[in-house]
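# A look at the structure
Each chain is listed here by its residues.
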Amino acid sequence: MELSKVEAKINYTFKDKNLLERAFTLSSYNQDENNQTLEFFGDAILEFLVSERIYDQKKSEGQLTELRQAIVSDAALATVSKELGLDGFLIKSQNDSNNKKAVPSVYEALVAAIYLDGGMDEARKFVHSTLNFENIPQNENYKGQLQELLQGRGQKCPEYLAFEDGTAQKPHFVVKVAVEGKTFTGEAGNKKLAEQNAAREALEHLNQGDI
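Definitions and cut-offs
- Residues numbered from 1 in each chain as written.
- Predicted model: local features only at pLDDT ≥ 70, side-chain atom pairs only at ≥ 80, totals over all residues.
- Heavy atoms only, no water.
- Core = buried A, V, L, I, M, F, W, Y, C linked by side-chain atoms within 4.5 Å.
- Buried < 20%, exposed > 50% of the residue type's maximum accessible area, 1.4 Å probe, protein only.
- Contact = heavy atoms within 4.5 Å.
- Salt bridge = Lys/Arg side-chain N within 4 Å of Asp/Glu carboxyl O.
- Helix = DSSP H or I, 4+ residues; strand = E, 2+ residues; numbered from the N terminus.
- Arc of directions from axis to C-beta.
- Polar contact = N/O pair within 3.5 Å; in protein donor to acceptor, adjacent residues only side chain to side chain.
- Pairing = 2+ DSSP bridges.

What follows concerns the nonpolar core. If you look at the biggest cluster of nonpolar residues, it comprises 41 residues, and the most contacted ones within it are Phe24, Tyr107 and Leu131. Ignoring sequence-local partners within four residues, the contact set of leucine 131 consists of Leu46, Val50, Ile71, Leu77, Val80 and Tyr107. Core analysis: the next-biggest nonpolar cluster, separate from the first, contains 15 residues, Phe184, Ala188, Ala194 and Leu206 among them.

Take the pattern of salt bridges next. One pass over the structure, following the stated rule, counts nine salt bridges. Lysine 5 is paired through a salt bridge with glutamate 2; the nearest N and O atoms lie 3.4 Å apart. Look at lysine 5 and you get partly exposed, because its relative accessible area is 44%. Notably, a salt bridge pairs glutamate 122 with lysine 125, separated by 3.6 Å at the nearest N-O pair. Of the two residues, glutamate 122 and lysine 125 both sit in helix 7 (residues 120-130), three residues apart, roughly one turn of that helix. Classification of glutamate 122 as partly exposed rests on a relative accessible area of 24%. Linked by salt bridges that have partners in common, Glu52, Asp121 and Arg124 make up one network.

Further remarks concern helix 7. Of the positions making up helix 7, those classed as buried are Ala123, Phe126, Val127 and Thr130. For helix 7, the angular spread of the buried residues around the axis is 95 degrees, confining them to a single face. Seen from the buried face of helix 7, the exposed residues on the opposite side, beyond 90 degrees, are Asp121, Lys125 and Ser129. In the core, the buried residues of helix 7 are packed alongside helix 1 (3-10), helix 3 (36-54), helix 5 (74-84) and helix 6 (102-118).

Now for the side chain of serine 105. Relative to the elements of secondary structure, serine 105 occurs in helix 6. A polar contact is formed between the side chain of serine 105 and the backbone oxygen of lysine 101, at a distance of 2.8 Å.

With seven bridges joining them, strand 2 (residues 173-179) and strand 3 (residues 182-188) adopt antiparallel strand pairing. In the sheet register, valine 174 faces strand 3, and the bridge partner there is glutamate 187. Here strand 2 folds back onto strand 3, and the loop between the two strands holds two residues, one of which, glutamate 180, carries a positive phi near 50 degrees.

Written out as structure tokens, the structure reads:
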């Protein structure tokens, strides 16, 4: 791993290079020294910094919560991680080839690493310069769209099956929905958004004619 290349991409030079390397190390490569605790810490720092940035907008508490969730969602963090090229520096085992969670998680771990190395101002600078705080897509009712499409085909409303596999500090829901014999999955920090993500996945395949 060429640390200088990572530092150039994130526009921050680490005093503690070991901290930077740890932020990119997955548990599949090293069970003892990996980025899991940094990811946990970075998630909390990220929520604070995003809340700080958006709190004075003229929105209700519920609207602000939804906006924050959109900004720090796995999909949003995966996008920015790929734009920065962070996914290309992951340190993992050869068998760890389909770990989708690792891409957004490395951003959270990096936020914590920057905070620990340079303080809150540096973490804030990184978050503000890399996350998308503008033009956040509005939440669409994918469940409603899916239901309407299926009813138009004379089919019954889909049923959603939800599983919770997160923690009290970091909730995580997995929702599955079956459409015409195929199962689609959505994930999110709350059940409602996970259902919407599952419905969106099903809609994309329906609209593409895959099912």
